[in-house]
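Tertiary structure, described
Okay, here's what each chain looks like letter by letter:
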Amino acid sequence: MRFLTKLFRFIFVPEGERAKAAYVLLVILIAAFFAFALDFPNYVPRFWKIDFKLGLDLKGGAHLVYVADLSSMEKKDYAQAMSGLRDTIERRVNSFGIAEPNVQTAQVGDEQRLIVELAGVTDVNRAIAMIGETPFLEFKEERASEETQAILEAQKTGERTMEDPYFISTGLTGKYLERSELTFDQTSYKPVVNLNFDADGTKLFEEITTRNVGKRVAIYLDGVPVTVPVVNEPISAGQAVISGDFSVEEARTTVQRLNSGALPVPIQLISQQSMEASLGQIALEKSLKAGIYAIIAVGIFMIVWYRIPGVLAVIALLIYTIFALAIFKLLSVTLTLAGIVGFILSIGMAVDANILIFARMREEVRSGKRFALAVHDGFARAWPSIRDSNISTLITCFVLYFFTASLVKGFALTLAIGVLVSMFSAISVTRLLLKVSISEKFGKFKFLWYH
C-alpha cells in the first residue's frame, strides 16, 4: 500500500517544471475534448456537427465522360484548351455545392476526353444538366464573298459540309469572358446581355472590331447565332452586347449560365453511369475496423515493450487520432479508400518517433545518466532522425499529390496531415506526459518503463 501511495504521488502530483508542463497538457486535453466532440458529435449533444466528406468510391455518385471538339484550333493549343475546360467545369459543379468533384482530362487515341466524377450525385440526368447547360460562347466574323461562294459550291457536291459558309471563328470564346449581366435596351426596353471580357479578351475583341468596321460580327451560343450586329467602329472597352428576342427569364438564365462558366471548347457526352455507394459502405466499414485494429495492435506492442512510456505513447496516439480526424473535417478533406489507407498507415508512423525516443532514453539510462537527464537527452538525440524521416515522407507526399492521378492524391494528403500531426503528438504530447507523470524518483523503478 505504501508503494502504491508513493507511486501515486510520483505520477499525479506535479512539482516545479512538472506543474508548468501539466498546465500546457491540460490545454491540449481540453482541445482534444473539443476535437473529439467534432469527430463524434453523437456522443456530445448540442455540439457543432460537420459530416466527413466521402469520395465517389465510398459515397456513390455520377461518372460522366465527354469528348472535346478541338477541330477549330491548332494541336499545340490542345493542352491549354483542355486545362481551361477542366477548370471551367470544376467551377461549374462547385457552384452547385458538390463535395470536391473529380475532374480530369485524358487522351484516348486522337480524342481529348474530359472525365467528371461527382460524389453524392446519384441522379445522372441532374449531373448531365449541371455540365451540359453551360453554353459555348463564340464570336465569328464574315468570310470574304469569294470564300463564301467557294464553300457553297463545294457543299452542292457534298464537300465541306461541316463548314459555315458565311462566318469564320475569330478565336474569341467564352474562356475570355470575365462576367455577364442582364440590362435593358434604352430604346426598345428589351432585355439584353452585356459581356465583359478580361484583359486578353479585350485586346482580341478590339482587334476583331478594328478589322471588321462596316461588317457583321456574329455572336454564337451553343453553335447557334443569337445576334449578328454590324460593327460601326472599333471597340476598345472590352464590352459586347447580346441582343435578340429574349424574354427576361431567358436573358437571366443566359447570364447565370455564362457566369457559371462558359466552355472554352464544345463538348459531347459519350458515356454516363451512376455508381452505387453500397460497395463503398462495406469497404468503409472494413477500413474503419482495420484502423481500430491497427491502433489496438500498436497500443499492445508499445505497452508490452515499453511499459509505462508505452502507455503514455498510446495516450498520445489517441490524441493524435482525434486531432487528425478533426483536421480532416475542418479542412473538408474528401476521404476515399486510398485516403483512409493513408491515414491508417500514418497511425503506425505516428509511434515511430516514440520508439526512437524511448530507445534513446533506454541507452542513456544504461550509460549511467540520471533518469530526468536521460529523458531530456533521449528526445534531443532522437529529434534529428525523426525530423529527417518525416521530411522525406512529406516530400514524397508532395510529389504524389501534385504529379499523380486524383486517386492517389487522397492517399498523399491524408498521409501528409498524419505525419504533421504525429510530429506534434510524439514530440510535444508524449514529452509533456513524461514530464507530468514521471519524477526523478520514478527512475528507480526501471522495470516499469523498460524490460
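Before going into details, it helps to say that this report is about the structure given with it. Quick caveat: nothing in here was measured; it's all calculated off a predicted structure. (Residues numbered from 1 in each chain as written. Predicted model: local features only at pLDDT ≥ 70, side-chain atom pairs only at ≥ 80, totals over all residues. Heavy atoms only, no water.)

Time to look at the packing of aromatic side chains. Across all of its chains, the model carries twelve aromatic pairs by this definition. Between Phe323 and Phe424, the aromatic rings sit 6.1 Å apart at their centres with planes inclined by 65 degrees, giving edge-to-face as the arrangement. Of this pair, Phe323 sits in helix H9 (residues 278–330) while Phe424 sits in helix H13 (residues 406–437), and the two are 101 residues apart along the sequence. For Phe323, a relative accessible area of 15% puts it in the buried group. Since its relative accessible area comes to 34%, Phe424 is described here as partly exposed. Arranged with centres 4.7 Å apart and planes meeting at 50 degrees, the rings of Phe398 and Phe402 form a pair that is tilted. (Phe/Tyr/Trp six-rings, centres within 6.5 Å; stacked < 30°, edge-to-face > 60°. Helix = DSSP H or I, 4+ residues; strand = E, 2+ residues; numbered from the N terminus. Buried < 20%, exposed > 50% of the residue type's maximum accessible area, 1.4 Å probe, protein only.)

Our next topic: a nonpolar patch on the surface. Together, Ile391, Ile395, Phe398, Val399, Tyr401, Phe402 and Phe403 give the surface a local cluster of nonpolar side chains, amounting to about 720 Å² of exposed area. Counting through the fold element by element, Ile391 comes out in helix H12 (residues 371–403). (Patch = residues over 30% accessible without salt bridge, like charges linked within 9 Å, V, L, I, M, F, W, Y side chains within 5 Å. Areas by Shrake-Rupley, 256 points an atom, 1.4 Å probe, with all protein chains shown as cover. Salt bridge = Lys/Arg side-chain N within 4 Å of Asp/Glu carboxyl O.)

Turning to the sheet that holds strand E8 (residues 191–197), a few remarks are in order. With antiparallel pairing, the three strands of this open sheet are ordered in space as E7-E8-E11. Among the strands making up the open sheet, the edge pair consists of strand E7 (177–184) and strand E11 (239–242). Direction aside, the axes of adjacent strands within the sheet are offset by 25 degrees on average. Bridge analysis of E7 against E8 gives seven bridges, and the strand direction is antiparallel. Bridging across to E8, Arg179 finds its partner in Asn196. Lying on the sheet, helix H7 (residues 199–211) is in contact with E8 and E11; it crosses E8 at an angle near 110 degrees. (Pairing = 2+ DSSP bridges. Axes fitted to C-alpha atoms, helices over the stretch in contact; angles between N-to-C directions. Contact = heavy atoms within 4.5 Å.)

Helix length check: H7 (13 residues) gives 19 Å between terminal C-alpha atoms against 18 Å at 1.5 Å per residue, within 8%. All buried positions along H7 are accounted for by Gly201, Thr202, Leu204, Phe205, Ile208 and Thr209. For H7, the elements touching its buried residues are strand E5 (137–142), strand E6 (167–173), E8, strand E9 (217–221) and E11. Backbone nitrogen of Asp200 and a side-chain oxygen of the N-cap are separated by 3.3 Å at the start of H7; the cap is Asp198. (Expected span 1.5 Å × (residues − 1). Polar contact = N/O pair within 3.5 Å; in protein donor to acceptor, adjacent residues only side chain to side chain.)

With respect to the helices and strands, Ser422 occurs in helix H13. Judged by relative accessible area, which is 5%, Ser422 ranks as buried. In this structure the side chain of Ser422 is engaged in a polar contact, spanning 2.7 Å, whose partner is the backbone oxygen of Val419.

A few words on the sheet that holds E6. Taken in spatial order, the four strands make up an open sheet running E6-E5-E9-E10, and their pairing is antiparallel. The strands lining the two open edges of the sheet, one partner per strand, are E6 and strand E10 (224–227). Ignoring which end each strand starts from, the neighbouring axes of this sheet average 45 degrees apart. One ladder, built from three bridges, connects E9 with E10; its direction is antiparallel. In the strand pairing of E10, Leu221 is matched with Val224. Strand contacts of H7: E5, E6 and E9, with the helix running at about 155 degrees to E6, the strand carrying the most contacts.

Packing of helix H11 (residues 352–366) against H12 leaves a shortest axis separation of 7 Å and a crossing angle of 135 degrees. If you check the angle between H11 and H12, you find them oblique. Once H11 is placed against H12, the crossing between them reads as right-handed. Contacts between H11 and H12 pair Ala353, Leu356, Ile357, Arg360, Met361, Glu364 and Val365 from the former with Phe371, Ala374, Val375, Asp377, Gly378, Phe379, Arg381, Ala382, Ser385 and Ile386 from the latter. Its residues assigned to classes, the contact of H11 with H12 comprises eleven nonpolar, two polar and four charged. (Parallel < 35°, antiparallel > 145°, perpendicular 65-115°, else oblique. Left-handed = near helix turned anticlockwise from the far one by under 90°. Nonpolar A, V, L, I, M, F, W, Y, C, P; charged D, E, K, R; others polar.)

What follows covers the nonpolar core. Within soluble globular proteins, side chains that are nonpolar generally end up buried alongside one another. Met302, Leu317, Tyr320, Ile357 and Phe358 are the most contacted members of the largest nonpolar core, which totals 54 residues. Contributions of two or more residues to this core are made by helix H2 (17–39), H9, helix H10 (337–350), H11, H12 and H13. With 17 residues, the top contributor of residues to this core is H9. Membership of the second largest hydrophobic core comes to 20 residues, among which are Ala68, Ile89, Leu118 and Ala127. (Core = buried A, V, L, I, M, F, W, Y, C linked by side-chain atoms within 4.5 Å.)

Relative to each other, H10 and H11 sit at 10 degrees, their axes nearing to 5 Å. Accordingly, the angle class assigned to the pair H10 and H11 is roughly parallel. On H11, the residues that touch Gly348, Met349 and Ala350 of H10 are Asp352, Ala353 and Asn354.

Our focus in this paragraph is the pairing of E8. Burial within E8 is extensive, with seven of its seven residues counted as buried. Burial along E8 is two-sided: Pro191, Val193, Leu195 and Phe197 facing one way and Val192, Asn194 and Asn196 facing the other are all buried.

To continue, consider the pattern of salt bridges. Counting across every chain of the model gives nine salt bridges. The salt bridge partner of Arg113 is Glu111, with a shortest N-O separation of 2.9 Å. According to the relative accessible area criterion, Glu111 is partly exposed, its value standing at 33%. Between Asp388 and Arg387 there is a salt bridge whose closest N-O contact spans 3.0 Å. Under the relative-accessibility criterion, Asp388 is labelled partly exposed at 42%. Here the residues in one salt-bridge network are Arg143, Glu147, Arg160 and Glu163, joined through shared partners.

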